[in-house]
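Summary of structural features
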Amino acid sequence: MDRRTVLRATVAGGAAAFSGSLWAGAAVAAPAQPGPSPYGSLRSADSNGIQLPTGFTSRVIARSRQAVSGTSYTWHDAPDGGACFVAGTGWIYVSNSEITPGGGASAVRFNADGSIASAYRILANTNQNCAGGATPWGTWLSCEEVNRGFVYETYPQGGTAAVQRPAMGRFKHEAAACDPDRRVIYLTEDESNGCFYRFRPNSWGNLSSGTLEVLVAGSATSGPVTWARVPDPDGSPTVTRSQVSGAKRFNGGEGCWYDDGTCWFTTKGDNRVWAYDAVNQRIDLAYDDSLVSGTAPLTGVDNITGTGSGDLYVAEDGGNMEINIITPAGVVAPFLRITGQSSSEICGPAFSPDGTRLYFSSQRGTSGSSSGGITYEVRGPFR
């Protein structure tokens, strides 16, 4: 089964499979249902307070207001969205800071053996940088979650100043996901009546100019959609979400992830994971806690990432402080749980380039304050 296949169990307990090209006939399908994790049940919490399946281990990478291990760089408050990038024989993990003022983003560079080589700032003096997205050309799009916020294109390798990208629209940005096949970037909006956007650069790889579009559809949770140009991406005096008649509303857009013809994005107001079929221009639900048979394992949906096996990993803002897996077989189950941090949220899940390490943060840690953030690494037999 390839990565484009989305298998979702019906509420009655059966299963139906739909790749992007088959979604037109998917009316009988329903979102993912609880089931056994492919990694088994969670063990007791380890010394870092994290419950993991057998074979997995965790370590702390950084703590807010403390020097990153082996460096003199002080890690930022309220770590949020993140991504990994290749860096020579090693890699880099980038993390936003969701504070105002100050915000910005930092990076940790790892050697080939996983040891920390350095840490440094890649964006400063911005506001409430929440999530974002990696580009195919190796930059990090850091998004401001404030009214008429900007997207900043940043450079994980360091040494290059970040660039403001106003053509991508000024609104309460959350996350971004690049679609190299259609040469567009999808964008979520963290408003209770927010929209789902895509940006078409005039030249792929250059975000200085282009066209901002908004998804247009009815109130249904599945079916065909269209796109319409946003007349004024600057969002003043009329906010972007109010400029196009028929723009579809989404209740609190959060994480966004694209792979092989499908863009998955989450909405926190209704605990949903949406699937946009970019091939046939349709939307559908990959997960909805109100349609789960029994107790919903995943609530407080937030950041999302994926793997080469087709698994989705969805972090919780609240809930049980879990990262849940949604498998291509339509099963949703806890992959890990952080204990003793009920006043926090999990942010920034991202895999190392080789897929063997998962990075994420507890934004407020045990203290419940933005100064108590903790960034972790989990290693193990990821499939």
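Residues numbered from 1 in each chain as written. Predicted model: local features only at pLDDT ≥ 70, side-chain atom pairs only at ≥ 80, totals over all residues. Heavy atoms only, no water.

Brief notes about the nonpolar core
By size, the foremost hydrophobic cluster in this structure holds 21 residues, and its most contacted members are Phe335, Leu336, Leu358, Phe360, Val378 and Phe382. Of all the elements in the fold, those that place two or more residues in this core are β25 (312-316), β26 (322-326), β27 (331-338), β28 (346-351), β29 (357-362) and β30 (374-379). In terms of residue count, β27 provides more of this core than any other element does, four residues in total. Aside from chain neighbours lying at most four places away, what touches Val378 is Leu52, Phe56, Thr57, Ser58, Phe335, Leu336, Thr356, Arg357, Leu358 and Phe360. Formed by 20 residues, the second largest nonpolar core is a distinct cluster that contains Cys143, Phe199, Leu212 and Val230. (Core = buried A, V, L, I, M, F, W, Y, C linked by side-chain atoms within 4.5 Å. Buried < 20%, exposed > 50% of the residue type's maximum accessible area, 1.4 Å probe, protein only. Helix = DSSP H or I, 4+ residues; strand = E, 2+ residues; numbered from the N terminus. Contact = heavy atoms within 4.5 Å.)

Description of unusual backbone geometry
The amide bond that connects Thr100 to the next residue, Pro101, takes the cis arrangement and shows omega of -10°. Its identity as a non-glycine residue notwithstanding, Gln281 has a phi of 55°, on the positive side. Take Gln281: it is sitting in the loop between β22 (272-277) and β23 (282-288). In this structure, Met321 takes a positive phi of about 55° despite not being glycine.

Overview of the side chain of Glu174
Examined against the element boundaries, Glu174 turns out to sit in strand β14 (residues 173-179). It turns out Glu174 is buried and unbridged, and the closest side chain with the opposite charge, Lys268, is 5.8 Å from it. Among residues more than four places away in sequence, those in contact with Glu174 are Cys130, Ala131, Gly132, Cys143, Glu145, Thr188, Asp190, Gly253, Glu254, Gly255, Asp302 and Asn303. (Lys, Arg positive; Asp, Glu negative; His and termini not counted. Salt bridge = Lys/Arg side-chain N within 4 Å of Asp/Glu carboxyl O.)

Some details on the layout of surface pockets
Looking at the largest pocket, its volume works out to about 980 Å³. Along the wall of the largest pocket there are 42 residues; nearest its centre are Ala134, Trp257, Tyr258, Thr305 and Gly306. Secondary-structure elements contributing two or more residues to the lining of the largest pocket are β6 (79-87), β10 (129-134), β14, β20 (253-259), β24 (301-306) and β28. With six residues, β6 is the single largest residue contributor to the lining of the largest pocket. Split by residue class, the lining of the largest pocket holds 22 nonpolar, 15 polar and five charged. (1 Å grid on protein atoms, 1.4 Å probe; cavity = no way out; pocket = protein on both sides within 12 Å on 5 of 7 lines; lining within 4 Å. Points joined across faces, edges and corners; volume = space filled by probe spheres on them. Nonpolar A, V, L, I, M, F, W, Y, C, P; charged D, E, K, R; others polar.)

Some details on the pairing of strand β11 (residues 140-144)
Summarising burial for β11: five of the five residues are buried, a large majority. Along β11, one buried face is formed by Trp140, Ser142 and Glu144 and the opposite face, lined by Leu141 and Cys143, is buried too. Taking the residues between adjacent antiparallel strands as the criterion, β10 and β11 are bridged by five residues, where Gly138 takes a positive phi near 90°. Relative to strand β12 (residues 151-154), β11 runs antiparallel, the two sharing four bridges. Following the sheet pairing, Leu141 is matched in β12 by Glu153. Between β11 and β12, which pair antiparallel one after the other, the connecting turn spans six residues, and Arg148 there sits at a positive phi close to 55°. (Pairing = 2+ DSSP bridges.)

Some points on the confidence of the model for the chain
Summary statistics for the chain give a mean pLDDT of 92 and a share of 92% for residues scoring 70 or more. Note that residues 1-28 has pLDDT below 50 and, in this model, 70 contacts with residues that lie over four places away or in other chains. (pLDDT = per-residue confidence, 0-100.)

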